[in-house]
Amino acid sequence: MSLYVPSGVQSSLVLIGKLLIPRSLTACVWLLFCLVTSVSAVDPSKHISQYSHTAWRIQDGVFTGAPNAITQTADGYVWIGTQTGLVRFDGVRFVLWAPPEGKQMLASNNIFSLLAGKDGGLWIGTGTNLARLKDGSLTNYPEALGRINAIVEDRNGAVWITRSRVRDKSGPLCQVIDNKLRCYGKPDGITTPYASALINDSEGNFWIGSSTWLTRWQTGSSTTYRPPVLKSAEGLGGVQALASTSGGTLWVGMNRSGPGAGLQQMIQGAWKSFVTADFDSSTLEVNTLFVDRENSLWIGTIKQGVYRIRDGQVDRFHRADGLSSDTVTSFFEDREGNLWIATSAGIDCFRNTRVISYSARQGLSGNEVNAVLAARDGSIWIANHGALDSLSAGKMSSLQVRNGLPGKQVTSLFEDHLGRLWVGIDNGLFVYSEGKFSPIRGRDGTPVGAVVAVTEDRDNNVWAVTLRDPRRLIRIQDLAVREELTEPQIPLTISLAADPSDGIWLGLGNGDLGRYRQGKLEIFPFTHDQYSRVRQVAAMSDGSILGVTPSGLIGWRNGTLRTLNVQNGLPCEDMYGLVSDAQGALWLYTGCGLVQIDKTQLQAWWERQDTKVVVRLFDVFDGARPAATSFQPAASRGPDGRLWFNNESVVQMIDPAHLEGNALPPPVHIERIVADRESYLPNPNLGLPPHTRDLEIDYTALSFVVPQKVRFRYKLEGRDADWQEAGTRRQAFYSDLRPGKYRFRVIASNNDGIWNEAGATLDFSIAPAWYQTNWFIVLSVITGLFVFWVLYRLRVRQIAHSISARFDERLAERTRLARELHDTFLQTIQGSKLVADDALEQSADPVRLRSAMEKLSVWLGQAVNEGRTALNSLRTSTTEKNDLAASFRRATETCVIHGSIAPTFSVVGDSKDMHPIVRDEVYRIGYEAIRNACMHSGASRLDVDLRYEHDLLVRVKDNGKGIVPVIISGGKDEHFGLQGMRERALRIGAKLTLDSSAASGTVITLIVPGEIAFQIPGSLD
């Protein structure tokens, strides 16, 4: 049997999940595989199997028992009931369900049936009873004894079950009412003590299947049907599965084959097999039935694989095609249209795919395809090794040597304006018309050589590139070679395309484009590496010429050259083929998949070279398997709009008119938080302990079409300023969170980029340690400020005491000098006076007068020496008068002597008594600043301010040439003025600042704290 899809539907299926059980193991580990299976649209009258397979392994799931049932709950999770437990699947990770500590457990881990209730709950039928899981809480129904074989929810939301292995006689059909069971048996018209299959049809009837009977039942009404085959083999088989299609047909599956058994239709009370030319439903041993959303009937058999009946046609898929086992136990279709199949050896999931592959399994003569051509009559010609294959009206045929093909290796294909097929075969070129091959000979009568590309210009000349040594470009007219061009006339050529106006375009082996017309060759060079080559060149409807190379897409239009690569937004640059669709979009067959570029994006690229184009990528998960080819054409478009591509192995097809996307945004869930390796459930307003450092948040999104393409963004409010792009990663990590409240938000998109903007949200908080609390921080700040204030007061008192001590030292020194002056200098002066008085008394005696004057001279010399000695010991003023203002005024007045500077002096505030030492140091600093300005600044103006405020302020400002920065920072050699000013300021605890520039002059500011500068009673104590 072949898997059939009606024409026009253009659907395809991909087997994305496969769980295999090693036969040699009793307790075995289950691994998930993905088998990609493509099915193309074919003619309804033909049955052609079209499959291609690629494996995809997911490592996150572990099973220890075979699956029996599958369903999907309202929150989006897929649940799998196995022989050893209940498993939850999110598309990437399998999680074995276990009840929270202290909560109810399943009475049995052997699960036979599952139902996702409309209220979001999950009904679980085990080998011993019924259970319900909702909001994480499990409820067991002890009254529902026996094995629960089927669970159904009717149109009113009531839940019904069928059961077997029941010890009492309450009946096999039960309804759940207010957490209790109401069972129906013989008194209610149900004669069988056990039941397996159960469905509720569109009219509200329940159909119940058992080992011997089929019963149609409603409250107060029942009809029993017994297939004749079950009468003769009672207990050896029975009605195992039931299904009802939208047309009202009831399908009955029995787990034994033979006339009247297998798969039967119940039509007006009569049994009827479904029979076609190559299929008889009575030959099946049916285990399960399912009707999908397209009203197709899926048949799961025992050891015969999967069958599908659709529009009267039958398809088959079994283990040889990649099914995990030929024994099928159940089906399920999820909300995105994926079909899940549970078998005795695994789980298989079929899905639609956009890119469809044709290989030997689908009827090709081999898997060594060189070229593909979509002809104007709708036929698809495929150049294969040893054959020329053709797909026409859904039928695959093949021309080989035995039926007329003049060779084995078909290298290239082309259809001319007359509809004739030009075929490169082995070392020659042939024209296929009316069932015959006619060879094209060179001008010397020999074959033209292996042909890699063919095209036809506007004048109906056919051009071909051949590999005959040397490689040449030949022109054919009226089936005869008229011209042969070789190097250096024509450079190495890989591909050809006709110019819409005149001549042909050449895709060159060095990565450039060439145009040959009217006997002349033009070369259009592009930037590329030494290995670049133009694999295919094509003329587009807008007049542009495009070529695909290993370095991107190159183009020429109206003399403008362009290159499109990853800098322009392409996902990759290595390209194998190109073709445009009916809407003008460009399709590129690239190393990373099939890339679609809308014509508006192409136009923007032509207008600006640096344009970032928006593309749509169909990759391996969409069925694309690109590869390079050495022959032409590599891509082609059929009259029905479908696009065909060759990858030297198989032929791939995509229909741009039927690219229905996945419009369902994925449900998003936050699954857990791991804080310092401790796991927490995502409960609302979750509180985490103090000292939490390493935080992991696990989240997921439930889209099963291509889980690998689900993308995430998250943001932690209170920490992240913007959304974080997580890609496909399903965890967020933080290691620097402070105590406080946070809100974690995560959103996700499905495989087609449809975002669930609402996403999921979790509020949590991290408790502070005692030293991280607000009261502790406030107390610490207050304590710090108090300590700083205390230290400041202590420092001020220390400076004041230091100044007082130095004042006492100087006062003592002055007292000593006064005493010395009194005892030495003044005494000497007094002695000198006595000598002078004595001389005056004897002034008439010249000798005596001379002697007296000599003594007076000696005494005065001694006085001078003693005075000089005393004066040298003085380092500060000897008066306690506060004369700073007068001293500074005199200093500024002396400036006039040194130049044309115009000084001004101002005093703000009332004069205050100052400590003599502080006054002297302030005077020395101010005097030095004034003197420097007068002598060195070259200024025309000098402003001196003295302010008696809370603190003492002295400011000396000039408008001169400023001070060189080097001198400001390091001083001038053998000059110590600035250094001395800084030392004096430091000595009295003052702040000295110096601002200077060549444009504004120099400003020197001295600020002395009032507690140090002014004499306050008790300040020096």
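Refer to the preceding data block for the structure.
None of the values given here were measured: they were computed from a predicted structure. (Residues numbered from 1 in each chain as written. Predicted model: local features only at pLDDT ≥ 70, side-chain atom pairs only at ≥ 80, totals over all residues. Heavy atoms only, no water.)

Caption draft 1: Main features of the overall build of the protein chain. Per the secondary structure count, the protein chain includes nine helices and 74 strands. By residue count, 51% of the 1021 residues in the protein chain fall in the buried class. Long-range contacts, defined as pairs at least 24 residues apart, comprise 54% of the intrachain contacts of the protein chain with a sequence gap of at least 6. (Helix = DSSP H or I, 4+ residues; strand = E, 2+ residues; numbered from the N terminus. Buried < 20%, exposed > 50% of the residue type's maximum accessible area, 1.4 Å probe, protein only. Contact = heavy atoms within 4.5 Å.)

Caption draft 2: Spatial organisation of the nonpolar core. Membership of the largest hydrophobic core comes to 35 residues, with the highest contact counts inside it found for Val918, Val922, Ile930, Leu942, Leu952 and Val1008. Ranked by the residues each element gives to this core, the list is headed by helix α6 (residues 916–936), at seven residues. If we ignore the near neighbours within four places in the chain, the residues touching leucine 942 are Cys895, Ile901, Ala902, Pro903, Thr904, Ile930, Ala933, Cys934, Val956, Lys957 and Asp958. (Core = buried A, V, L, I, M, F, W, Y, C linked by side-chain atoms within 4.5 Å.)

Caption draft 3: The pattern of salt bridges, seen in detail. Inspection of every chain in the model, using the stated rule, returns 37 salt bridges. Across the salt bridge formed by arginine 88 and glutamate 671, the nearest N and O atoms sit 3.1 Å from each other. Pair noted here: arginine 88 is in strand β6 (residues 85–89) and glutamate 671 is in strand β61 (residues 668–675), with a separation of 583 residues, a long-range link. The exposure class of glutamate 671 is buried, given its relative accessible area of 17%. (Salt bridge = Lys/Arg side-chain N within 4 Å of Asp/Glu carboxyl O.)

Caption draft 4: Up close: the environment of arginine 471. As for its placement among the helices and strands, arginine 471 is situated in the loop between β43 (462–466) and β44 (472–477). Using a relative accessible area of 27% as the deciding quantity, one classes arginine 471 as partly exposed. Separated by 20 residues in sequence, arginine 471 and proline 491 have C-alpha atoms that sit 9.3 Å apart. Ignoring sequence-local partners within four residues, the contact set of arginine 471 consists of Val452, Val465, Thr466, Leu485, Thr486, Glu487, Leu492, Thr493 and Ile494. A polar side-chain atom of arginine 471 sits 2.9 Å from the main-chain carbonyl oxygen of threonine 493. (Polar contact = N/O pair within 3.5 Å; in protein donor to acceptor, adjacent residues only side chain to side chain.)

Caption draft 5: How the structure looks around the state of the cysteines. According to the stated counting rule, one finds two disulfides in the structure shown. Disulfide pairing places cysteine 174 opposite cysteine 183 at an S-S distance of 2.1 Å. Between cysteine 174 and cysteine 183, the S-S dihedral sits near 100 degrees, and the bridge is therefore right-handed. By relative accessible area, which is 15% here, cysteine 183 ends up buried. (Disulfide = S-S within 2.5 Å.)

Caption draft 6: Up close: the side chain of glutamate 333. Residue position: glutamate 333 is located in strand β30 (residues 328–333). A polar side-chain atom of glutamate 333 sits 2.9 Å from the main-chain amide nitrogen of arginine 293. In this structure glutamate 333 touches Phe290, Asp292, Arg293, Asn338 and Leu339, once residues within four positions along its chain are discounted.

Caption draft 7: Unusual backbone geometry, seen in detail. Going from glutamate 487 to proline 488, the amide bond is cis rather than trans, its omega being 10 degrees. Assignment of secondary structure puts proline 488 in the loop between β45 (480–486) and β46 (493–498). With an omega of -5 degrees, the peptide bond between glutamine 632 and proline 633 qualifies as cis. Within the secondary structure, proline 633 sits in the loop between β57 (615–618) and β58 (635–637).

Caption draft 8: Layout of helix α2 (residues 599–607). Listing the buried residues of α2 in full gives Leu602, Trp605 and Trp606. Along the axis of α2, the buried residues cluster in a sector spanning 100 degrees; they form a single face. In this fold, the buried residues of α2 make contact with β51 (545–549), β52 (552–557), β53 (560–564), β55 (586–590) and β56 (593–597). (Arc of directions from axis to C-beta.)

Caption draft 9: Fine view of the environment of serine 282. With respect to the helices and strands, serine 282 occurs in the loop between β25 (279–280) and β26 (286–291). For serine 282, a relative accessible area of 8% translates into the label buried. Along the chain, serine 282 and arginine 256 lie 26 residues apart, while their C-alpha atoms are 8.7 Å from each other. Apart from the residues within four sequence positions on either side, serine 282 is in contact with Ser257, Gly258, Gly260, Ala261, Gly262, Leu263, Gln264 and Ser273. Here the side chain of serine 282 touches aspartate 280 through a polar contact of 2.9 Å, side chain to side chain.

Caption draft 10: Spotlight on the side chain of threonine 493. Along the polypeptide, threonine 493 turns up in strand β46. Among the polar contacts listed, one links the side chain of threonine 493 to the backbone oxygen of proline 491, at a separation of 2.9 Å. Not counting residues up to four positions away in its chain, the partners in contact with threonine 493 are Val465, Arg471, Leu506, Gly507 and Leu508.

Caption draft 11: Quick look at the packing of α6 against helix α8 (residues 977–987). Direction vectors running N to C along α6 and α8 enclose 155 degrees, while the axes themselves pass 9 Å from each other. When the axes of α6 and α8 are compared, the pair comes out roughly antiparallel. Where α6 crosses over α8, the handedness of that crossing is left-handed. Here Glu921, Arg924, Ile925, Glu928, Ala929 and Asn932 of α6 lie close against α8, whose contacting residues are Gly977, Met981, Arg984, Ala985 and Arg987. For the contact of α6 with α8, a count of residues per class yields four nonpolar, two polar and five charged. (Axes fitted to C-alpha atoms, helices over the stretch in contact; angles between N-to-C directions. Parallel < 35°, antiparallel > 145°, perpendicular 65-115°, else oblique. Left-handed = near helix turned anticlockwise from the far one by under 90°. Nonpolar A, V, L, I, M, F, W, Y, C, P; charged D, E, K, R; others polar.)

Caption draft 12: Just the sheet that holds strand β73 (residues 991–997), in detail. Reading across from one edge, β70-β71-β72-β74-β73 is the order of the five strands in this open sheet, with mixed pairing throughout. Pairing within the sheet leaves two strands with one partner each, and these edge strands are β70 (902–908) and β73. Each neighbouring strand pair of the sheet contributes to a mean axis angle of 10 degrees, computed without reference to strand direction. Here seven bridges tie β70 to strand β71 (residues 941–948), and the two strands are oriented parallel to one another. (Pairing = 2+ DSSP bridges.)

Caption draft 13: Inspection of the pairing of strand β31 (residues 339–343) at higher detail. With respect to burial, β31 is a largely interior element, five of its five residues being buried. Burial of β31 is two-sided: the residues Leu339, Ile341 and Thr343 facing one way and the residues Trp340 and Ala342 facing the other way are all buried. Connecting β30 to the antiparallel partner β31 that follows it, the hairpin turn spans five residues, and glycine 337 within it adopts a positive phi of roughly 95 degrees. In the sheet, β31 pairs with strand β32 (residues 346–351) via five bridges, with the strands oriented antiparallel. Residue threonine 343 lies in a different strand from β32, and its bridge partner there is glycine 346. Remark: two residues form the turn of the hairpin made by β31 and β32, two consecutive strands paired antiparallel.

Caption draft 14: Expanded view of a nonpolar patch on the surface. A cluster of nonpolar side chains, contributed by Phe786, Val787, Trp789, Leu791 and Leu794, occupies part of the molecular surface with about 540 Å² of accessible area. Using a relative accessible area of 49% as the deciding quantity, one classes tryptophan 789 as partly exposed. (Patch = residues over 30% accessible without salt bridge, like charges linked within 9 Å, V, L, I, M, F, W, Y side chains within 5 Å. Areas by Shrake-Rupley, 256 points an atom, 1.4 Å probe, with all protein chains shown as cover.)

Caption draft 15: Structural view of the pairing of β55. Of all five residues that make up β55, five are buried, and the element is covered over most of its length. Bridge count for strand β54 (residues 575–580) against β55 is five bridges, and the pairing is antiparallel. Note on β55: the bridge partner recorded for serine 580 is leucine 586. Hairpin connection, β54 to β55: the antiparallel pair is bridged by five residues, and glycine 584 has positive phi, about 90 degrees. Note that β55 and β56 share five bridges and pair antiparallel. Looking at β56, one finds that leucine 586 is bridged to isoleucine 597. Between β55 and β56, which follow one another and run antiparallel, lie two residues.

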